[in-house]
Amino acid sequence: MEKSLVLERYPKYRMDIGIEVHVQLNTKSKIFCSCSNALTDQQNQHICQICAGYPGVLPVLNQQVVEFAIMAGLGTNCTVSEISEFDRKHYFYPDLPKNYQITQNYFPICKNGYVMIRLEDGTEKKIRINRIHIEEDAGKNMHSDLTGESYVDLNRTGTPLLEIVSEPDIENAEEAKAYLKALRLIMQYLGVSDCNMEEGSFRADTNLSVRLRTNQTLGTRCELKNINSFKFISDAIEYEAERHIQAIESGERIRQETRLWDSKNRKSISMRSKEDLADYRYCTDPDLALIRVTSEKLQQVKHGMPELAYDKYHRYIRVWGLSAYEADVVTSDIAFTKYFESAMAIYPKKSVLNWFLRDVLGYVNDTKIELAACLVTPEKLAQIVKMLDENLINNTAAKEVFEIVAKTGQNPEHVVQDKGLKQIGSVEELEKIVKNVLSEHASVVAEYKSGKQNAFGFLVGTCMKATGGKGNPKIIQEILKKHL
Ligand code: ZN
Ligand code: MN
């Protein structure tokens, strides 16, 4: 992929991109009440006086949210604040019944971290994280074209969110994508969120500005709201860069504003000019206690942290000898990593990796099933590969066993027995077969001896056929050479 076609055309300019990501936490209950945090088709089912914003109620903080926020902070190399607090952010919208959102403005729970991203040419870059704060989500407005009426669904109000704010260290669409992928992997590995972009549990707002490379100060930025695919984010960044550059070139002033990406017409549209911070009238929420993270708590969370994709990537290369490409594929999805590690735990040989990348992922792709639903479980894959490595079956038979297990979920060893796929591996047995073939094909042997190289191939093939395809071609070749 090109870094930026637009910047190639306008090499005097550079982009500065910062991304704010809202991650929906997969806690059992909402952030300030005991309502279920699960998705449901039934509108206004998971609501109570607290999340519906009745006057006089008191929010109670879900401690799981704090734990997830600490994990996210540690996973992104942040400093976790010993004390942080909640503020009210005031704005008026039908899906926000309290008329303020509880968030953390002045004292966020995590600060000053970074995420390492890996670019397509293999280089790595550090993207700094400014802050991570905890906040609640709002509800959803729905508008009916049929009746012209509008509805409000409050199931989502009070869903716990983490807002992760990067510094403007991102310079093009490729880096933006790499950053979002890295961040999403971290959250998935931590298990704090499903990070499903389509369902909105991982939403990115992109802040972009453009300036002359010689300029020390950042240009005026525009915000691109809630784009729910990596492809659209790339398109939108390229489009905005060009729009900004052309405005600068023609002496126009860029207005600071929030814009929407129209993926159908591939252009951004102005949504609203950005409010000044003062418009939100932030103030400390008097109903909620300070959040205190003691050093004991921090240590306890630290000890429970799983190994993240970035570290796995480097460990696979260093310890298990994977190539950069192989390590990248295996760590690109937590389901892949889990599968791979389970298979390696049973049979730690690199041949497992080859079968996983080629056969398992190939099969899952072709049949469009989830890896978790694949009937060739890590245990069964390990069995197949082990039988192959130990010469109990040959490669053709291993492929056949794989296919059958993938369709039926049968035990690989039983398949080998039922189908009679066991390789004829004993030298005595094969020796007999080879001798037979040689005496039956004396003329071919003569040809071989007179220098015809392809006669050898014919003899190997004939021996293989005589074993019903169950001979070990390597051993057969050795025996043939010995007798010729
Ligand atoms: Zn509630
Ligand atoms: Mn927010």
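Just so it is clear, the structure is predicted and the values come from calculations on it, not from any experiment. (Residues numbered from 1 in each chain as written. Chains lettered and ligands numbered in written order. Predicted model: local features only at pLDDT ≥ 70, side-chain atom pairs only at ≥ 80, totals over all residues. Heavy atoms only, no water.)

Student: Help me understand the overall build of the protein chain in this model?
Tutor: A tally of helices and strands in the protein chain yields 16 helices and 16 strands. What you see for the protein chain is a C-alpha radius of gyration of 30 Å, clearly larger than the 23 Å of a compact globule of 484 residues, by over 25%. For the protein chain, the C-alpha atoms occupy an extent of roughly 95 × 55 × 55 Å along the three principal directions. Across the 484 residues that make up the protein chain, the buried fraction comes to 49%. Looking at the protein chain alone, contacts between residues at least 24 apart form 68% of all its contacts between residues at least 6 apart. A total accessible area of about 24700 Å² is found for the protein chain, and carbon and sulfur atoms account for 50% of it. Of the charged side chains in the protein chain, 62 are positive and 66 negative; the average position of the first set lies 4 Å away from that of the second. (Helix = DSSP H or I, 4+ residues; strand = E, 2+ residues; numbered from the N terminus. Rg over C-alpha atoms; globule rule 2.2 N^0.38 Å. Buried < 20%, exposed > 50% of the residue type's maximum accessible area, 1.4 Å probe, protein only. Contact = heavy atoms within 4.5 Å. Areas by Shrake-Rupley, 256 points an atom, 1.4 Å probe, with all protein chains shown as cover. Lys, Arg positive; Asp, Glu negative; His and termini not counted. Charge placed at Lys NZ, Arg CZ, Asp CG, Glu CD.)

Student: Could you clarify how one ought to interpret helix α2 (residues 63-75) in this entry?
Tutor: A turn of α-helix holds 3.6 residues, and therefore any two residues three or four places apart point the same way. Compared with the 18 Å implied by 1.5 Å per residue over 13 residues, the 18 Å span of α2 between its first and last C-alpha is a close match. Extensive coverage of α2 is indicated by the burial of ten of its 13 residues. Every buried residue of α2 is listed here: V65, V66, F68, A69, I70, M71, A72, G73, L74 and G75. Structurally, the start of α2 carries an N-cap: the backbone nitrogen of Q64 is 2.9 Å from a side-chain oxygen of N62. Residue N77 follows α2 closely and has a positive phi angle near 60°. (Expected span 1.5 Å × (residues − 1). Polar contact = N/O pair within 3.5 Å; in protein donor to acceptor, adjacent residues only side chain to side chain.)

Student: How should the coordination of the manganese ion (ligand 2) be read in this particular structure?
Tutor: Metal coordination angles in their ideal form are 109.5 degrees for the four-donor tetrahedron and 90 or 180 degrees for the six-donor octahedron. The coordination sphere of the manganese ion (ligand 2) contains the protein donors H22 (NE2), E135 (OE) and E163 (OE), at a distance range of 2.0 to 2.2 Å. Along the chain, the residues donating to the manganese ion (ligand 2) are arranged with the sequence spacing H-x112-E-x27-E. Linking H22 in strand β1 (residues 13-24) with E135 in strand β7 (residues 124-136), this pair joins segments that are 113 residues apart in sequence. (Donors = N, O, S within 2.8 Å, 3.2 Å for Na, K, Ca; no water.)

Student: Would you explain the pairing of strand β8 (residues 140-143) in this entry?
Tutor: Here is the key point about a regular strand: its side chains alternate between the two faces of the sheet. The sheet contact formed by β8 and strand β9 (residues 150-153) spans four bridges and is antiparallel. By the bridge assignment, K140 is partnered in β9 with D153. Here β8 folds back onto β9, and the loop between the two strands holds six residues, one of which, G148, carries a positive phi near 75°. (Pairing = 2+ DSSP bridges.)

Student: What am I meant to see in the sheet that holds strand β11 (residues 202-212) here?
Tutor: Note: strands within a sheet are paired through backbone hydrogen bonds, in either parallel or antiparallel orientation. Pairing within the open sheet is mixed, and its nine strands lie in the order β2-β6-β7-β10-β1-β11-β12-β13-β14. Both edges of this open sheet fall to β2 (79-80) and β14 (267-273), since each of them pairs with a single strand only. As judged from the six bridges shared by strand β13 (residues 257-262) and β14, these two strands associate in the antiparallel manner. Bridging across to β14, E257 finds its partner in S273.

Student: I'm lost on the nonpolar core in this one. Help?
Tutor: Looking at soluble globular proteins, one finds that nonpolar side chains tend to be buried together. With 74 residues, the main nonpolar core has I19, I70, I109, I134, Y179, L180 and M187 as its most contacted residues. Here the element with the most residues in this core is helix α3 (residues 173-190); it accounts for twelve residues. Mapping this core onto the domain boundaries places at least three of its residues in each of domain 1 (5-300) and domain 2 (307-419). Residues contacting I134, with those up to four places away along its chain left out, are I31, V65, V66, A69, F86, T103, Q104, I109, L161, L162 and I291. The next biggest cluster of nonpolar side chains, apart from the first, holds 40 residues, and it includes Y316, A343, Y363 and C374. (Core = buried A, V, L, I, M, F, W, Y, C linked by side-chain atoms within 4.5 Å. Domains from an automatic or database assignment.)

Student: Explain the coordination of the zinc ion (ligand 1) here, please?
Tutor: Surrounding the zinc ion (ligand 1) are the protein donor atoms C33 (SG), C35 (SG), C48 (SG) and C51 (SG), which sit 2.3 to 2.4 Å from the metal. Sequence spacing of the donors to the zinc ion (ligand 1): C-x1-C-x12-C-x2-C.

Student: Any chance you could explain the domain arrangement of the protein chain here in plain terms?
Tutor: One widely used convention gives an interface's size as the accessible area the parts lose upon coming together. According to the domain assignment, the protein chain contains domain 1 (5-300), domain 2 (307-419) and domain 3 (427-483). On a C-alpha basis, the centroid separation for the pair domain 1 and domain 2 is 37 Å. If you look at the interface, domain 1 gives nine residues, while domain 2 gives 13 residues. Buried surface at the junction of domain 1 and domain 2, both sides included, amounts to about 920 Å², of which 63% is carbon and sulfur. (Buried area = accessible area lost by both parts, 1.4 Å probe.)

Student: I'm lost on the sheet that holds strand β15 (residues 283-284) in this one. Help?
Tutor: Spatial strand order, β5-β4-β15: three strands in an open sheet with antiparallel pairing. What marks the edges here is a single partner per strand, and that holds for β5 (100-103) and β15.

Student: I'm lost on the side chain of D137 in this one. Help?
Tutor: Tracing the backbone through its elements, the reader meets D137 in the loop between β7 and β8. The class for D137 is buried, based on a relative accessible area of 7%. Sequence-distant contacts of D137, that is, excluding residues within four places in its chain, are made with Q24, R156, T157, G158, T159, L161 and R203.

Student: Would you explain helix α4 (residues 230-249) in this entry?
Tutor: In this model, α4 (20 residues) spans 29 Å end to end at C-alpha, consistent with the 28 Å of a helix rising 1.5 Å per residue. The set of residues buried in α4 consists of F230, I233, S234, D235, A236, I237, E238, E240, A241, H244, I245 and A247. Among the residues trailing α4, G251 stands out with phi positive, at a value near 75°.

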